[in-house]
Amino acid sequence: MELLDKLQWRYAAKAMNGEKVPQDKIDNIIEAASLAPTSSGLQPFEILVITNQEIKEKIRPVAWNQSVITDCSHLLVFAAWDTYTEDRINKMFDLTNEVRGFKNEGWENYRQQLLNSYPQKDAEENFHHAAKQAYIAFSQSIAAAAFEGVDSTPIEGFEPEAVDEILNLRAKGLRSCVLLPLGYRDEENDWLVNLVKVRKSKDDLVTVID
């Protein structure tokens, strides 16, 4: 199966060579993230696509000085909503009605159910819920990058507050939660490139309940 072959090929690149990824491949990776499932279809996050080298240089020191931050072609920053609000929920439900061209009573009842729930919750709880949705799209981007023959490096090792400040995210009601540099592996300088991929056996990973 081609997708599994691609996933076997991919790994978390530790060094990239600075080569630019064609825009059509970036577009496909972003589209895959957009198509990811999210709770109630709210897509409670945004993706910042950074090619500006100065900004990447600012982020690198607060991301454990990882070279892929500055040597990648495109740096994706997945930023989740800082909380759920009535406006944010209504915007997505209104968009659904507009695209589908009709209103559904059950759907509208569900809208009200969410409006009566999420905005009243603690903002930190809402952020963590939104961040989980961002991670779903993040994971789908990794798979899409592999399918496109593009290397990626999932990064949680960074200071979110610092990245938020660099990108002015808090003013937009967003908080960074995970980074994804995209580019091409530097085989001569990447210590991980030739190491065998190690994963649990199916017996250790999977429990089948018939």
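Refer to the structure above for everything that follows.
Below is a short write-up of the structure. (Residues numbered from 1 in each chain as written. Predicted model: local features only at pLDDT ≥ 70, side-chain atom pairs only at ≥ 80, totals over all residues. Heavy atoms only, no water.)

**Some thoughts on the overall build of the chain**
Here's step 1: The secondary structure content of the chain amounts to nine helices and four strands.
Here's step 2: Along the chain, helices (α) and strands (β) appear in the sequence α-α-β-α-α-β-α-α-α-β-α-β-α when read from the amino end.
Here's step 3: Taking the principal axes of its C-alpha atoms as reference, the chain extends roughly 60 × 50 × 30 Å.
Here's step 4: Out of the 210 residues belonging to the chain, those deemed buried represent 43%.
Here's step 5: Residue pairs in contact within the chain that sit at least 24 positions apart in sequence constitute 81% of those at least 6 positions apart.
Here's step 6: For the chain, the separation between the mean place of its 23 positive charges and that of its 34 negative charges on side chains is 1 Å. (Helix = DSSP H or I, 4+ residues; strand = E, 2+ residues; numbered from the N terminus. Buried < 20%, exposed > 50% of the residue type's maximum accessible area, 1.4 Å probe, protein only. Contact = heavy atoms within 4.5 Å. Lys, Arg positive; Asp, Glu negative; His and termini not counted. Charge placed at Lys NZ, Arg CZ, Asp CG, Glu CD.)

**What to know about the packing of aromatic side chains**
Here's step 1: In this structure the tally under the stated criterion is seven aromatic pairs.
Here's step 2: Summarising the aromatic geometry, the rings of Phe93 and Trp107 are spaced 4.3 Å apart at their centres and angled 25° between planes, so their arrangement reads as stacked. A residue pair is termed long-range when its members are at least 10 positions apart, and Phe93 in helix α5 (residues 86–100) and Trp107 in helix α6 (residues 105–115) qualify at 14 residues.
Here's step 3: Ring geometry for Phe93 and Tyr110: centres 6.2 Å apart, planes at 45°, overall tilted. One end of the pair, Phe93, is in helix α5; the other, Tyr110, is in helix α6, and 17 residues separate them in sequence.
Here's step 4: Its relative accessible area of 0% is what places Phe93 among the buried residues. (Phe/Tyr/Trp six-rings, centres within 6.5 Å; stacked < 30°, edge-to-face > 60°.)

**Thoughts on the state of the cysteines**
Here's step 1: Evaluation of the coordinates by the stated rule reveals zero disulfides.
Here's step 2: In this structure Cys72 is not part of a disulfide, and its nearest cysteine sulfur, from Cys177, lies 17 Å away. (Disulfide = S-S within 2.5 Å.)

**Some points on the pairing of strand β4 (residues 174–183)**
Here's step 1: The element β4 is largely enclosed, with a buried count of 10 among its 10 residues.
Here's step 2: Where strand β2 (residues 74–81) lies against β4, eight bridges are found, and the strand directions are antiparallel. The partner of Val77 across the bridge, within β4, is Leu179.
Here's step 3: One ladder, built from two bridges, connects strand β3 (residues 151–152) with β4; its direction is antiparallel. (Pairing = 2+ DSSP bridges.)

**Thoughts on a nonpolar patch on the surface**
Here's step 1: Side chains of Leu205, Val206 and Val208 sit close together on the surface and give an oily, nonpolar patch of about 300 Å² of accessible area.
Here's step 2: With respect to the secondary-structure elements, Val208 resides in the segment after α9 (202–205). (Patch = residues over 30% accessible without salt bridge, like charges linked within 9 Å, V, L, I, M, F, W, Y side chains within 5 Å. Areas by Shrake-Rupley, 256 points an atom, 1.4 Å probe, with all protein chains shown as cover. Salt bridge = Lys/Arg side-chain N within 4 Å of Asp/Glu carboxyl O.)

**Remarks on the sheet that holds strand β1 (residues 45–50)**
Here's step 1: An order of β1-β2-β4-β3 is seen for the four strands of this open sheet, with the pairing classed as antiparallel. Of all the strands in the sheet, just β1 and β3 have a single pairing partner and so form its edges.

**Remarks on the packing of helix α1 (residues 2–9) against helix α7 (residues 123–147)**
Here's step 1: Between α1 and α7, whose axes approach to 8 Å, the crossing angle comes to 100°. With respect to their mutual orientation, α1 and α7 come out roughly perpendicular. In this structure, α1 uses Glu2, Leu3, Lys6, Leu7 and Trp9 to contact α7, whose residues at the interface are Ala143, Ala146 and Phe147.
Here's step 2: Residue composition of the contact of α1 with α7, by class: six nonpolar, no polar and two charged. (Axes fitted to C-alpha atoms, helices over the stretch in contact; angles between N-to-C directions. Parallel < 35°, antiparallel > 145°, perpendicular 65-115°, else oblique. Nonpolar A, V, L, I, M, F, W, Y, C, P; charged D, E, K, R; others polar.)

**What about unusual backbone geometry?**
Here's step 1: Although it is not a glycine, Ser40 adopts a positive phi angle of roughly 60°.
Here's step 2: Structurally, the position occupied by Ser40 is in the loop between α2 (23–34) and β1.

**Details of the packing of α5 against α6**
Here's step 1: Interaxial distance between α5 and α6 falls to 10 Å at its minimum, and their mutual angle equals 170°. In terms of their interaxial angle, α5 and α6 are classed as roughly antiparallel. Viewed along their axes, α5 and α6 form a crossing whose handedness is right-handed. Between α5 and α6, the residues in contact are Glu86, Ile89, Asn90, Phe93, Asp94, Thr96 and Asn97 and Trp107, Glu108, Tyr110, Arg111, Leu114 and Leu115, respectively. (Left-handed = near helix turned anticlockwise from the far one by under 90°.)

**Brief notes about the environment of Asp204**
Here's step 1: As for its position among the elements, Asp204 is in helix α9.
Here's step 2: Under the relative-accessibility criterion, Asp204 is labelled exposed at 58%.
Here's step 3: Along the chain, Asp204 and Glu161 lie 43 residues apart, while their C-alpha atoms are 37 Å from each other.

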